[in-house]
Structures are given as structure tokens and as C-alpha cells.
Amino acid sequence: LTGNDSTATGKGVLGDTKTFNTLLNNNGSYLVDRTRGDGIFTYDAKNRTRTPGTLWLDSDNVYNAAYDGAAVDAHAYAGQTYDYFQNVHNRNSYDGNGAQLVSTVHYGRSYNNAFWSGSQMVYGDGDGSQFIPLSGALDVIAHELTHAVTDTTADLIYQNESGAINESMSDIFGTLVEYHFNNNPDWQVGEDIYTPNVAGDALRSMEDPTLSGDPDHYSKRYTGTGDYGGVHINSGISNKAAYLLANGGTHYGVSVNAIGNDKAGDIYYRTLTQYLTPNSNYSHFRASTIQAATDLYGASSAEVASVKAAFSAVGVN
Ligand SMILES: Cc1cccc(C(=O)O)c1OC(=O)C1CC1
Ligand SMILES: [Ca+2]
Ligand SMILES: [Zn+2]
């Protein structure tokens, strides 16, 4: 594919105008951003379920059609998430080696899911009631891309406690990316694309996981076999701890002093990339996070004390 790098404008899922990088040649404008790593490529599944589908081609380099919104956000938010990992953690794409970022939008029909396939991101359009196009939220895209970071580092097995930690890492970095770009940031997950007819709810809450029926203490963990052993359920335990570490608070009588988003992000990034292993459980997660914080701030630091308190507050001792 040859052509010239260009900057296009378009409207995202929520109707917000944004700019992003495209590639222009005689055929028209492709959603190809050659300015980041080995490139960001966005595809159209045309409501079928073959991936990656067709590389997105637009006629005039202006992406304002309703059908374009899901692709505009998938492309622009993948670029922002790339920038977060590169600029904040010095990681070049999800593998540290500039791997291409491939996304497919308009996947399936009324598909209420988004996922990392093992090699690319995939986004459904939602059914218009439970979800609107799922690429319309930065925390969702950063969530999916963090699965790729996890798979190329700790490679946490996607079931039971290791799977819950896998899921929580994606929610944590989804939220940190949303704050980094000040994109209506909060400690909720997927709020911008979830239940358009219901105000104030979210797919999950990190601030209060019980709002979506998930545990906020290890003693309340799910031990069944659903959801791969509760990977989207028991993530609430770690999500609450992360919320407390960054923001502070008292939970079940345990007080945590805030260390802020940036230090929390550096601790979780080091934990994920240097200490966690495929079968890490919550106990190993506590030890690993303490070690990462010790490496960064010292054994007697306030940051280490807050990590210990945050895990204790959610019953992981
Ligand atoms: C909507 C959805 C369904 C199933 C799996 C995932 C998954 O990627 O784990 C999923 O996406 C999310 O959880 C992102 C955060 C909104
Ligand atoms: Ca959010
Ligand atoms: Zn996930």
C-alpha cells in the first residue's frame, strides 16, 4: 500500500469532531496511520464476522457520515492509547517493538461485545439499547489494547484469579488512559457506550464494584465457573484496590492514603511487565505490587504503605 500521509477530520460515535492520520492515494483515503510504530490500521467488517474485513477506504478524507463514527473513534483512540504507552511508559506499541495496531469495527449484527482476538481489536455496534458502537469510548479501546500488553508480558491465564487480574489491568489502564487525555475521566468503565437510555450507569464501576454486582472484597469473591471463573466479576476486588491506591479512602475500616494516578500507573505497569506470571493469583499479585512499588519508591515509602493498605482494604493480605 503506497501513498501520502495526511490528516483527516471526522465525527466519532458521539458526534464529536476529531482529527486523525490517514493515507491518501489514487483510490482515496485509507484509515492507515503510519506515524505510530509500524502503523495503525482500521478495517470494516460490514456487519459480517470475518476479520479483519476490508481496510477502511473513504472517498474524500472527510469522515462525517454516521457509519464512519465507529471507525473514526477506533482509529483515533488507538492512536491515543499508543501515545499513552509510548510517552508515559516508554513502550512502543503493545509488544514494545512497534507492532501494528489492527482494529475491526461494525463486527457482526447488534453485537454487544468488544474483544482482543489475540492479534487485533474487534468492536461490535451494540444493539442500541445495551450498547452503542463500542469503539466510541476511550476506556474501552485502552481496555482492549491492554489485553495485548498483558498477553505479551505477564500473559495472565484468562480464567479464575489470574483472569480477574488480567481483566482488572485492562480496566485500570483503560481508566488511566481516559484520565491522561482528560476524556470526561472517571473510575467507571464503558460509561460512554453503555445503555444510552439510562443516565449515570456503566458496564462496571471501579469506585464501587457492587454497583454492577461485583465484589469489592476478597471474602466476597465469586467461585463459580461462569465468565471463565468470574474474570469480569472478581476484577472488582483489584479494581477497588486500584481506585483506593490512586484516590485514597477508607474501605471496611481500612484507610488508604492516595498516591495519585501517575504513581499508581507506574506501579501497576512495573507489576504487569516485570513480576506477574501466567498463573499469578491475588496473593502473588499483592506481593508483586509491593515489590514493584519498593523498586520505584523504597521499602519505607508512603507509596509502599499505600499499596499494602489498598490490598488489605479489599481483603488480600
Ligand atoms: C463488552 C465486553 C464483553 C466481553 C468481553 C469484554 C472484554 O474485553 O473483556 C468486553 O469489553 C470490555 O469489558 C470493555 C471494557 C468495556
Ligand atoms: Ca470511564
Ligand atoms: Zn477485557
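The structure under discussion appears in the preceding block.
First things first, this report covers the structure right here in the doc. (Residues numbered from 1 in each chain as written. Chains lettered and ligands numbered in written order. Predicted model: local features only at pLDDT ≥ 70, side-chain atom pairs only at ≥ 80, totals over all residues. Heavy atoms only, no water.)

### Remarks on the coordination of the zinc ion (ligand 3)
Phase 1 of the analysis: Each protein donor to the zinc ion (ligand 3) is listed here as His143 (NE2), His147 (NE2) and Glu167 (OE); together their distances run 1.9 to 2.0 Å.
Phase 2 of the analysis: What the four donor atoms of the zinc ion (ligand 3) show is an angle range of 91 to 127 degrees at the metal, which sorts the shape as tetrahedral.
Phase 3 of the analysis: Between consecutive donor residues of the zinc ion (ligand 3), the sequence gaps follow H-x3-H-x19-E. Linking histidine 143 in helix H2 (residues 138–151) with glutamate 167 in helix H3 (residues 160–180), this pair joins segments that are 24 residues apart in sequence. There is no split in this pair, since histidine 143 and glutamate 167 are both buried. (Donors = N, O, S within 2.8 Å, 3.2 Å for Na, K, Ca; no water. Tetrahedral: all angles 85-135°; square planar, octahedral: opposite > 155°, others 65-115°. Helix = DSSP H or I, 4+ residues; strand = E, 2+ residues; numbered from the N terminus. Buried < 20%, exposed > 50% of the residue type's maximum accessible area, 1.4 Å probe, protein only.)

### Considering the packing of H3 against helix H6 (residues 261–275)
Phase 1 of the analysis: Running from amino to carboxyl end, H3 crosses H6 at an angle of 145 degrees, the nearest separation of the two axes being 11 Å. Of the two possible hands of crossing, H3 and H6 adopt the one that is left-handed. Of the residues in H6, those in contact with Met169, Ile172, Phe173, Leu176 and Tyr179 of H3 are Asn261, Gly265, Tyr268, Tyr269, Thr271 and Leu272.
Phase 2 of the analysis: Grouping the amino acids of the contact of H3 with H6 by side-chain chemistry returns eight nonpolar, three polar and no charged. (Axes fitted to C-alpha atoms, helices over the stretch in contact; angles between N-to-C directions. Left-handed = near helix turned anticlockwise from the far one by under 90°. Contact = heavy atoms within 4.5 Å. Nonpolar A, V, L, I, M, F, W, Y, C, P; charged D, E, K, R; others polar.)

### Overview of the layout of surface pockets
Phase 1 of the analysis: The calculated volume of the largest pocket comes to roughly 560 Å³.
Phase 2 of the analysis: If you go around the largest pocket, you meet 26 residues; those closest to its centre are Ala114, Phe115, Glu144, Tyr158 and His232.
Phase 3 of the analysis: Of all the elements in the fold, those that place two or more residues in the lining of the largest pocket are strand E10 (114–116), H2, H3 and helix H4 (226–230).
Phase 4 of the analysis: Ranked by residues supplied to the lining of the largest pocket, first place goes to H2 with five residues.
Phase 5 of the analysis: In terms of residue class, the lining of the largest pocket is built from 13 nonpolar, eight polar and five charged. (1 Å grid on protein atoms, 1.4 Å probe; cavity = no way out; pocket = protein on both sides within 12 Å on 5 of 7 lines; lining within 4 Å. Points joined across faces, edges and corners; volume = space filled by probe spheres on them.)

### A word on the sheet that holds strand E8 (residues 62–63)
Phase 1 of the analysis: Read across the open sheet, the five strands follow the order E7-E3-E2-E1-E8; overall the sheet is mixed. In this open sheet, the two strands that pair with only one neighbour each are strand E7 (57–58) and E8.
Phase 2 of the analysis: Pairing between strand E1 (residues 4–11) and strand E2 (residues 17–25): eight bridges, direction antiparallel. If you follow threonine 9 over to E2, its bridge partner there is threonine 19.
Phase 3 of the analysis: Strands E1, E2 and E8 of the sheet are contacted by helix H1 (residues 69–89), whose axis makes an angle of about 90 degrees with E2. (Pairing = 2+ DSSP bridges.)

### Comments concerning the packing of aromatic side chains
Phase 1 of the analysis: Scanning the entire structure with this criterion turns up 17 aromatic pairs.
Phase 2 of the analysis: Residues tyrosine 179 and tryptophan 187 carry aromatic rings whose centres are separated by 6.0 Å and whose planes lie at 45 degrees to one another, so their mutual orientation is tilted.
Phase 3 of the analysis: With relative accessibility at 29%, the residue tyrosine 179 sits in the partly exposed group.
Phase 4 of the analysis: With 5.8 Å between their ring centres and 80 degrees between their planes, tryptophan 187 and tyrosine 243 make a pair best called edge-to-face. (Phe/Tyr/Trp six-rings, centres within 6.5 Å; stacked < 30°, edge-to-face > 60°.)

### Overview of the site of ligand 1
Phase 1 of the analysis: The local shell around ligand 1 holds 13 residues, among which Asn113, Glu144, Glu167, Arg204 and His232 are the closest.
Phase 2 of the analysis: Within the side chain of tyrosine 158, an N or O atom sits 3.3 Å from an oxygen atom of ligand 1.
Phase 3 of the analysis: Contact with the protein chains removes 87% of the 380 Å² of surface that ligand 1 exposes when unbound.
Phase 4 of the analysis: Comparing atom positions with the cavity grids shows ligand 1 to sit within the largest pocket.
Phase 5 of the analysis: Element by element, the count of residues in the shell around ligand 1 is highest for H2, at four residues.
Phase 6 of the analysis: Its residues placed into classes, the shell around ligand 1 shows six nonpolar, four polar and three charged. (Near = heavy atom within 4 Å. Polar contact = N/O pair within 3.5 Å; in protein donor to acceptor, adjacent residues only side chain to side chain. Areas by Shrake-Rupley, 256 points an atom, 1.4 Å probe, with all protein chains shown as cover. Sits in = over half its atoms within 2 Å of the grid points.)

### Observations concerning H6
Phase 1 of the analysis: Here H6 spans 20 Å end to end across 15 residues, near enough to the 21 Å set by a 1.5 Å rise per residue.
Phase 2 of the analysis: In this fold, the buried residues of H6 make contact with H1, H2, H3, helix H5 (235–247), helix H7 (282–297) and helix H8 (302–313). (Expected span 1.5 Å × (residues − 1).)

### Topic: the environment of threonine 9
Phase 1 of the analysis: Within the secondary structure, threonine 9 sits in strand E1.
Phase 2 of the analysis: Taking C-alpha positions, threonine 9 is 45 Å from histidine 217, a pair spaced 208 residues apart along the chain.

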